[in-house]
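Residue-level listing of the chains:
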Amino acid sequence: MTDRLAWITQEIDALKEAGLYNRIRTISSPQGAWLTVDGKRVLNFCSNNYLGMANHPGLVARAREALEKYGCGPAAVRTIAGTLDLHLELEQRLAAFKGVEAAITFQSGFTANLAAISALVGKEDVIFSDELNHASIIDGCRLSGARIVRYAHCDLADLEARIRENEGTYRRALAITDGVFSMDGDIAPLDRIYDITSAYGVMLMVDDAHGEGVLGHGGRGIVDHFHLHGKVDVEVGTFSKAFGVVGGAVAGSAPVVEWLRQRGRPFLFSSAVTAADTAACLAAIDLLEESTRLVDQLWANAEYFKKEMKSLGFDTGVSVTPITPIMLGEAPLAQQFSRELFEEGVFAMAIGFPTVPRGKARIRVMISAAHSHDDLDRGLEVFARVGRKLGVIA
Ligand SMILES: *Cc1c(COP(=O)(O)O)cnc(C)c1O
């Protein structure tokens, strides 16, 4: 008799051989510049905690208050008994912060993408999708049943050519791009994309997960960065990165938000975000509205680190944001690099296929406002040592 699950062991073994097996490390401390990882105190270069808000006393205090007032679980989906006054307050505050008509919140950025895409397009429709879009966009596109037309990464001529060649073959069309591409740290040319999509009557959606709290005035995101207020139909965001909490959102035009309250499936069929998380998001918006200090610190740190890495001879790819890839090529080298860094007390993960294309493995360094100047210098010193040892730099 054959073991019907034997294929899984074979697949796992193949992943290990290819250097693509995820060895998941365990954190036993709060988020910050330093973490306790697998029992060891290390300098952290791989969280999305851009502004250091994940363990900010202001957020923790608001979460604790909400926990005392509302208890733990939401006990329902938003459309039955799960909508708290806090959820509505967060949606209004987020819309005001971003300068858009309306906003709706979800359990995560991932579910916000699934909700938005599958509510806006269906079988008779077409999606124009950047070839490097995030997995949650890809899954949302598949779930929608719409025809998916990929265009070359940030390639405006290709986007326009794809739209033209498909004209007249669909009911509705939606163009979708990441705002900041999470693996390379480059920014979509959203202003030029808008010029094209608006000329052809194509709806425009941007996923600003890595731009929220990072780009634009005081972290107001990519739409603010390009001064496109009122022009982008759907702006997906996350509270799980710069905001330091967890959750997702769609901000944009009022009809889109109203439609998602009726037809966004994760909104209707998966329980609401907890009161504590929602309150912490409100505290994050308060902090961002009070001052641009954290966002400014993030950018100063990122620029310093990137400049120093380049002068050491590392290839940081095409990044123009705090996401700093250290391009290494083959996955086993990236994994070895990450292990050596960890031995030296620096935590930065290797990223390989399928998260990035084959042959484009890298260490991805995530810079945070929480890093002190000493932290950055210490990181640079260790990167230099490991880079020389492995022959990546001279
Ligand atoms: C991280 C990320 C998401 C998912 O956000 P979560 O809130 O963690 O679910 C979606 N899109 C992009 C581009 C991301 O980088």
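The model shown is predicted, which means the values in this text are computed figures rather than measured ones.

1. Notes on the UniProt feature "modified residue: N6-(pyridoxal phosphate)lysine" (unreviewed entry) in the chain
Okay, step 1: If you check UniProt for "modified residue: N6-(pyridoxal phosphate)lysine" (unreviewed entry), the listed places come out as Lys241 in our numbering.
Okay, step 2: With respect to the secondary-structure elements, Lys241 resides in the loop between β8 (234-238) and β9 (248-252).
Okay, step 3: Once you skip the residues sitting within four places of it in the chain, Lys241 turns out to touch Asn48, Asn49, Tyr50, Ala209 and His210.

2. Brief notes about the sheet that holds strand β4 (residues 126-130)
Okay, step 1: If you walk across this open sheet you meet the seven strands as β3-β9-β8-β7-β6-β4-β5, and the pairing is mixed. The two strands at the open ends of the sheet, each matched to only one other strand, are β3 (102-106) and β5 (147-151). Ignoring which end each strand starts from, the neighbouring axes of this sheet average 20 degrees apart.
Okay, step 2: Pairing geometry for strand β7 (residues 203-207) and β8, over three bridges, is parallel. By the bridge assignment for β8, Val206 is matched with Glu235.
Okay, step 3: Its contacts with the sheet place helix α10 (residues 254-263) against β3, β8 and β9, and it is angled at close to 30 degrees to β3.

3. Some words on the sheet that holds strand β1 (residues 34-37)
Okay, step 1: Within the open sheet, the three strands sit side by side as β1-β2-β11. Their pairing is mixed. The sheet is open, and its two borders are formed by β1 and β11 (346-347), each paired with just one other strand.
Okay, step 2: One ladder, built from four bridges, connects β1 with strand β2 (residues 40-44); its direction is antiparallel. Counted as the bridge partner of Val37 is Lys40 from β2.

4. Concerning the site of the ligand
Okay, step 1: The immediate surroundings of the ligand are formed by 15 residues, with Gly109, Asp207, Thr238, Ser240 and Lys241 found nearest.
Okay, step 2: The separation between an oxygen atom of the ligand and a polar side-chain atom of His210 is 3.1 Å.
Okay, step 3: Here an oxygen atom of the ligand sits 2.6 Å away from a polar atom, N or O, in the side chain of Ser240.
Okay, step 4: Summarising the interface, the protein chains cover 86% of the accessible area of the ligand, which totals 390 Å² for the free molecule.
Okay, step 5: Among the elements that line the shell around the ligand, the one with the most residues is helix α5 (residues 109-120), at three residues.

5. Structural notes on helix α14 (residues 331-343)
Okay, step 1: Helix length check: α14, at 13 residues, gives a terminal C-alpha distance of 19 Å against a target of 18 Å (1.5 Å per residue), a fit within 8%.
Okay, step 2: Phi turns positive, to about 85 degrees, at Gly345, one or two residues after α14.

6. Here's the deal with unusual backbone geometry
Okay, step 1: For the bond from Phe353 to Pro354, the omega torsion is 5 degrees, close enough to zero to count as cis.
Okay, step 2: For Ala75, which is not glycine, the phi torsion reads 65 degrees and is therefore positive.
Okay, step 3: The exposed category is assigned to Ala75, whose relative accessible area is 78%.
Okay, step 4: Residue Cys154 is not a glycine yet carries a positive backbone phi of 55 degrees.

7. A closer look at the domain arrangement of the chain
Okay, step 1: Domains assigned within the chain are domain 1 (18-47 + 292-389) and domain 2 (57-290).
Okay, step 2: Between the C-alpha centres of domain 1 and domain 2 there is a distance of 27 Å.
Okay, step 3: Contact residues are listed per partner, giving 17 residues for domain 1 and 16 residues for domain 2.
Okay, step 4: Between domain 1 and domain 2 the total buried area reaches about 1,300 Å² when both faces are included, carbon and sulfur atoms providing 70% of it.
Okay, step 5: Among the residues domain 1 hides against domain 2, the three largest losses belong to Thr292, Val295 and Ile323. Together they make up 32% of the total.
Okay, step 6: Where domain 1 touches domain 2, the interface holds one salt bridge.
Okay, step 7: Ionic pairing is found between Arg362 and Asp184, a salt bridge with its closest N-O pair at 2.8 Å.
Okay, step 8: At the surface where domain 1 touches domain 2, the tally comes to seven residue pairs in polar contact (both at pLDDT 80 or more).
Okay, step 9: For the side of domain 1 that touches domain 2, the elements supplying multiple residues, two or more each, are α13 (293-312), β10 (323-329) and β13 (361-366).

8. As for the side chain of Lys98
Okay, step 1: Note that Lys98 resides in helix α4 (residues 85-98).
Okay, step 2: Side-chain polar atoms of Lys98 contact the side chain of Glu212, separated by 2.3 Å.
Okay, step 3: A distance of 2.9 Å separates a polar atom in the side chain of Lys98 from a polar atom in the side chain of Glu235.
Okay, step 4: Setting aside its immediate chain neighbours within four residues, Lys98 contacts Asp208, Glu212, Arg220, Gly221, His229, Glu235 and Ala251.

9. Some remarks on the pairing of β9
Okay, step 1: Burial analysis of β9 places five of its five residues in the buried class, the great majority of the element.
Okay, step 2: Two elements, β8 and β9, share five bridges in a ladder whose sense is antiparallel. The residue of β9 that forms the bridge with Val236 is Val250.

10. Here we look at the environment of Ile138
Okay, step 1: Mapped onto the fold, Ile138 is located in helix α6 (residues 135-144).
Okay, step 2: On the basis of relative accessible area, Ile138 is assigned to the partly exposed category, the value being 30%.
Okay, step 3: Placed 38 residues apart in sequence, Ile138 and Ile176 show a C-alpha to C-alpha distance of 9.8 Å.

How each quantity is defined
- Just so you know, the residues in each chain are numbered from 1, in the order the chain's sequence is written.
- Predicted model: local features are reported for residues with pLDDT of at least 70 only, side-chain atom pairs are reported and counted for 80 or more only, and whole-chain, interface and lining totals are derived from all residues.
- Water and hydrogen atoms were dropped before computing side-chain values, which therefore reflect all heavy atoms in the structure.
- UniProt positions are given in the numbering used here, feature names are shortened, and annotations may be inferred rather than shown by experiment.
- Starting at the N terminus, helices and strands are each numbered in turn, a helix being any DSSP run of H or I of at least four residues and a strand any DSSP run of E of at least two.
- The contact criterion used is simple: two residues touch if any of their non-hydrogen atoms lie within 4.5 Å.
- Two strands form a pair only when DSSP identifies at least two bridges running between them.
- Axes, fitted as lines to C-alpha atoms, cover a helix only where it is in contact. Angles between the N-to-C directions of the axes lie from 0 to 180 degrees.
- To be near a molecule or strand, a residue needs just one of its heavy atoms within 4 Å of it.
- We define a polar contact as two N or O atoms separated by no more than 3.5 Å, with the added condition that, inside protein, one atom must be a possible hydrogen donor and the other a possible acceptor, whereas residues neighbouring each other in sequence contribute only through side-chain atom pairs.
- Here the Shrake-Rupley method, with its probe set to 1.4 Å, supplies the accessible areas, and only the displayed protein chains count as covering residues.
- The length a helix should cover is 1.5 Å for every residue beyond the first.
- Categorising residues by exposure relies on relative accessible area from a 1.4 Å probe, with only protein chains included: less than 20% of the type maximum marks a residue as buried, more than 50% marks it as exposed, and the intermediate range marks it as partly exposed.
- Domain start and end points were adopted from an automatic or database domain assignment.
- Note: buried area is the sum, over both parts, of the accessible area (probe 1.4 Å) each one loses when the two are combined.
- Think of a salt bridge as a Lys or Arg side-chain nitrogen and an Asp or Glu carboxyl oxygen that are within 4 Å of each other.

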